[in-house]
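If you want the building blocks of each chain, they are given just below.
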Amino acid sequence: MIGSRILVTFLAIVLVLGCSQATLPDPEARPQAAPSSSSVVMVSFDGVGWEELARRAPSLGANGWNRIMTQGTAARLIPVNPTLTAVTHVAMATGQPPEASGIVSNTMHAPGTPVTQTLSGFSAEIEVPTLWESARLAGKRVGVLTYPGVDQETPRRSADFGLIYTNEVSRSRIVTLARDDFSPVADQRSRVSHSPILAATLTWSWKHESTTIERPLELRAIDTTDDSTVNYDDFEVVFEGSTIDLGEDRWFPLSIPLDDEGTLRRFGSWSKILESEPDLQNVEIYWGSVNRSVAYPAEFQEFVEREAGFWPGAPDGYNASAWVSSRRGIDPLTFIEQLRRFSDFFTRVTTATMDGMEYDLLLAYQPIVDEAEHQWRLTSASQAHSTPENRQAAETVRKEAYATFDAALSRMIDRLDPAETLVVVSDHGLTELHTSVRISGLLADWGYVKVDGNRVAADSPWAAFSSGGAVHIHRSRADAPGSVGDLIERLRALRSPDGNLVFESVEENPAGANPRLGVIRAYTFPGFAMTSSLSGDRFQPTTYYGQHGYLNHHAEMHAIVGAIGPGARPSLPSAVSQTDIAGWINSMLRITPRFP
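Right, let's talk about the pattern of salt bridges for a bit. Tallying each qualifying case throughout the model produces 36 salt bridges. With a closest N to O distance of 2.8 Å, R265 and D260 form a salt bridge. The class of D260 is buried, set by a relative accessible area of 1%. Ionic contacts of the salt-bridge type, sharing partners, join the residues E52, R55, R56, E373, R377, E395, R398 and E432 into one network.

In structure tokens:
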């Protein structure tokens, strides 16, 4: 262990809940000044809800969250509005609400840009000082492991070292082989097989930038049963001169090093034999998405690949959705295996960094529960493709997601030095989703949005930007046709085809408000999600089943905060505000928030 990393917990606000009103922080309850700490670690587990975790905690082991509850301290964490990933993470890292930080949504709009142009809340410049830049200005060393908002694209969104959350280089696909694709191999001595070893020659092919990458491989079929019957029941892969045994779960990794914008990185994918018949008449292969780890500087890139391998990619929600709707896709077990692998990668990087890197502030992140809840919060008979079998499968995935979170947390706790304290937070919970609302299509129907084919026209006087249950409506010019007041009334009166009100809150933004908020901000009731798409029915059943972005007085949106170690006393109050976390950490590091 390098250095002593002592984290000290904090006090915060008391939650005031009403059945129909928003949570209001107690202005008199503020965190106490924290004792100084040689280093601070904060790990965010995206999507872990306080209510859902409390329900599942009795079935979890003793060494993760329940250990924090019994040996440390924990509290309900109240998100800012909207309860979206980029917004809430920036609130925790700045101590400021979205109106001040400028990160008002996951997908938003910057006034002064073309009316149809979106701005990502994950990559936009933050308009107030952040933990990581204030710490660096104070001479502290900062590491960031995929924490939202720190992607090294600008000096303000960079740390001393970091791992960047990356999207897939190439999408996954499913292919099917038949018996004719296999032929005997020349060398029959590589494995004991009671039928002739057969091989299919395949090509691992994908595009990186403008170059098509192609590498050949052999999929060899082996008969391990000595029963005088042709019965191919096992496989191995020969790739780049090496033989890969698939094992019982039938997964196999492929990877190669490539130059990536001047840095040598390992690109790879995890693939799986989904189905196979003993006579090889049908062999279904899931070709996993191609991914790579992107870290900085070069020494940390090498550290990440040495300690954890290549970025394995997020669980495949697209093909899981196909399975739920009875199309060819990946089954729940395959999704769970991807989920565990993704978490294991994050956990290995985090624990290795805690052991092997120097830092004063370390911010880490895992999206495991969020990935599972978005795709598998299938709990109501009113949701699309909701059958008892699908709901049971969904419950199994969500249960495993929380168990995976708990196992990752346990591994981090087990790595703690006696002088260290670990703090864990989340950004929001999720709740059931049933209907997608085409907000841009509705605005076009009402005469506010101008349409060009299937898109919002470049000269449209109005445009909507939405994420989850939140939408911001912008006006391109002050004299745009249509009244703000009339539009607000239309939105407030909007009902779904089954007669339910869609919007819980629709308000005009006050003069002088952050221009990224637009002229109107609105929140749907839980169960509805906004989309800016123009095509299709204005109300459609969703084929993913969990969402957030709703108002923070809904208990399902509440997040978690906990701590264990010497700094976990005094105990937290019953509830903590996300906007108090940055001040607490700044006080531990004895730094004052400021811009570069």
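Here the narrative resumes.
Right, let's talk about the environment of L534 for a bit. Residue placement: L534 occurs in the loop between strand 28 (528-531) and strand 29 (539-541). Taking the C-alpha atoms as reference, L534 lies 9.3 Å from G453; in sequence the two are 81 residues apart.

A few words on the pairing of strand 31 (residues 559-564). Most of strand 31 sits inside the fold, with six of its six residues counted as buried. Here strand 31 shows two buried faces, one formed by A559, V561 and A563 and the other by I560, G562 and I564. Here five bridges tie strand 2 (residues 73-78) to strand 31, and the two strands are oriented antiparallel to one another. Note on strand 31: the bridge partner recorded for T73 is A563. Both strand 19 (residues 422-425) and strand 31 contribute to a ladder of four bridges, which runs antiparallel. Across the sheet, the residue bridging to V425 is V561, located in strand 31.

Turning our attention to helix 12 (residues 484-493). Those residues of helix 12 not exposed but buried are V484, L487, I488 and L491. What you see down the axis of helix 12 is that its buried residues fit within an arc of 100 degrees, all on one side. The elements touched by buried residues of helix 12 are helix 11 (439-445), strand 24 (462-467), strand 25 (470-475), strand 26 (503-508) and strand 27 (520-524). One side-chain oxygen at the N-terminal end of helix 12 lies 3.2 Å from the backbone nitrogen of G485; it belongs to S483.

Now for the nonpolar core. Within the largest apolar cluster, 61 residues are counted, with the highest numbers of intra-cluster contacts made by F45, W65, L163, F300, F405, L409 and L422. If one sorts the elements of this core by residue count, helix 10 (residues 388-414) sits on top with ten residues. If near-sequence neighbours (up to four positions away) are discounted, L163 is found in contact with V144, L145, T146, S293, V294, A295, F300, V304, W311, F345 and V349.

The grouping of E153, E209, D259 and E261 at the surface amounts to a negative patch. Mapped onto the fold, E209 is located in the loop between strand 9 (198-208) and strand 10 (211-222). Exposure remark for E209: the relative accessible area of 58% places this residue in the exposed category.

This brings us to the sheet that holds strand 11 (residues 234-239). Reading across the sheet, the five strands line up as 8-9-10-11-12 and stay open at both edges, with antiparallel pairing between neighbours. Sheet topology places strand 8 (183-184) and strand 12 (242-245) at the edges, where each strand pairs with a single neighbour. Bridging between strand 9 and strand 10 involves eleven bridges; their strand directions are antiparallel. Across the sheet, residue S205 finds its bridge partner in strand 10, namely E214.

Once that is clear, we can look at the environment of A54. Counting through the fold element by element, A54 comes out in helix 1 (residues 50-56). For the pair A54 and G562, spaced 508 residues apart in sequence, the C-alpha to C-alpha distance is 13 Å.

Taking strand neighbours across the sheet as the criterion, the four strands line up as 24-25-27-26 in an open arrangement whose pairing is antiparallel. Strand pairing shows two members of the sheet lacking a second neighbour, strand 24 and strand 26, which therefore form its edges. The sheet shows a mean angle of 15 degrees between the axes of neighbouring strands, direction not considered. Inspection of the sheet shows strand 24 paired to strand 25 by six bridges, in the antiparallel sense. Directly across from W462, in strand 25, lies its bridge partner R475. Relative to strand 26, helix 12 is tilted by about 175 degrees, and along the sheet it contacts strand 24, strand 25, strand 26 and strand 27.

Moving on to the packing of aromatic side chains. Each aromatic ring pair is characterised by the separation of its centres together with the angle its planes make. Per the counting criterion, the structure on display carries 24 aromatic pairs. Taking the centre distance of 6.4 Å and the plane angle of 85 degrees together, the rings of Y402 and F405 count as edge-to-face. Of this pair, Y402 and F405 both sit in helix 10, separated by three residues, roughly a single helical turn. With a relative accessible area of 0%, F405 lands in the buried category. Among the aromatic residues, those joined into a ring-pair cluster are Y165, W311, F342, F345, F346 and Y365. Cation over ring: R171 sits above Y318, and NZ or CZ is 4.7 Å from the ring centre.

A word on the side chain of N552. Of note, N552 is situated in the loop between strand 30 (546-547) and strand 31. Of note is the side chain of N552, whose polar atom sits 2.6 Å from the backbone oxygen of P79.

With that out of the way, let us pick up the packing of helix 9 (residues 368-376) against helix 10. Contact geometry of helix 9 with helix 10 gives a least axis separation of 9 Å together with a crossing angle of 170 degrees. Relative to helix 10, the element helix 9 is oriented roughly antiparallel. Taking contact as the criterion, the partners of I368, V369, A372, E373 and W376 in helix 9 are, on helix 10, A393, A394, V397, R398, A401, Y402, T404 and F405. Partitioned by chemical class, the residues of the contact of helix 9 with helix 10 number ten nonpolar, one polar and two charged.

Right, let's talk about the environment of L517 for a bit. Here L517 lies in the loop between strand 26 and strand 27. Through-space distance from the C-alpha of L517 to that of I285 is 46 Å; in sequence the pair is 232 residues apart. Those residues in contact with L517 that lie beyond four places of it in its chain are E99, V104, H472, H474 and N509.

Right, let's get into unusual backbone geometry. A negative phi angle is the norm for most residues apart from glycine, just as the trans form is the norm for most peptide bonds. Following N81, the chain continues into P82 via a peptide bond in cis, with omega recorded as -5 degrees. Unusually for a residue other than glycine, E209 sits at a positive phi of about 55 degrees.

What counts as what
- Each chain carries its own residue numbering, running from 1 in the written order of its sequence.
- At least 70 in pLDDT is required for a residue's local features to be given in this predicted model, at least 80 for side-chain atom pairs to be given and counted, and no such filter applies to totals for whole chains, interfaces and linings, which use all residues.
- Values reported for side chains reflect all heavy atoms of the structure, with hydrogen atoms and water molecules removed beforehand.
- Salt bridges are defined by distance alone: a side-chain nitrogen of Lys or Arg within 4 Å of a carboxyl oxygen of Asp or Glu.
- For every residue, the accessible area (1.4 Å probe, protein chains only) is compared with the maximum for its type, and the residue is labelled buried under 20%, exposed over 50%, or partly exposed between those bounds.
- For the purposes of this entry, the term helix denotes a DSSP run of H or I that reaches at least four residues, the term strand denotes a run of E that reaches at least two, and both are numbered from the N terminus.
- The rule for pairing is simple: two strands pair if DSSP sees at least two bridges between them.
- The arc in question is traced by the directions running from the helix axis to the C-beta atoms.
- It only takes one pair of heavy atoms within 4.5 Å for two residues to be counted as in contact.
- Definition of a polar contact: a pair of N or O atoms within 3.5 Å, with one able to donate and the other able to accept a hydrogen when the atoms are protein atoms, and with sequence-neighbouring residues admitted only if both atoms are side-chain atoms.
- Nonpolar cores are built from buried Ala, Val, Leu, Ile, Met, Phe, Trp, Tyr and Cys residues. Side-chain atoms within 4.5 Å join them into one set.
- For patch building, the residue pool is restricted to those with more than 30% relative accessible area and no salt bridge; the joining distance is 9 Å between like charges and 5 Å between nonpolar side chains (Val, Leu, Ile, Met, Phe, Trp, Tyr).
- Accessible areas in this description were obtained via Shrake-Rupley with a 1.4 Å probe; residue shielding takes into account the shown protein chains only.
- Charge counting follows a simple rule: Lys and Arg are positive, Asp and Glu are negative, and His as well as the terminal groups are ignored.
- In plain terms, the charge of a residue is placed at NZ if it is Lys, CZ if Arg, CG if Asp and CD if Glu.
- Interaxial angle, 0 to 180 degrees, is taken between N-to-C directions of lines fitted to C-alpha atoms, where a helix line uses only the stretch in contact.
- A pair of aromatic rings is counted whenever rings of Phe, Tyr or Trp (Trp by its six-membered ring) have centres within 6.5 Å, and the orientation is called stacked for planes under 30 degrees apart, edge-to-face for over 60 and tilted otherwise.
- Whether a charge sits over a ring depends on NZ of Lys or CZ of Arg being within 6 Å of the ring centre and within 35 degrees of the ring normal.
- An angle below 35 degrees is read as roughly parallel, one above 145 as roughly antiparallel, one from 65 to 115 as roughly perpendicular, and any other as oblique.
- Note that Gly is not counted as nonpolar here; it falls among the polar residues with everything else outside the nonpolar set of Ala, Val, Leu, Ile, Met, Phe, Trp, Tyr, Cys and Pro and the charged set of Asp, Glu, Lys and Arg.

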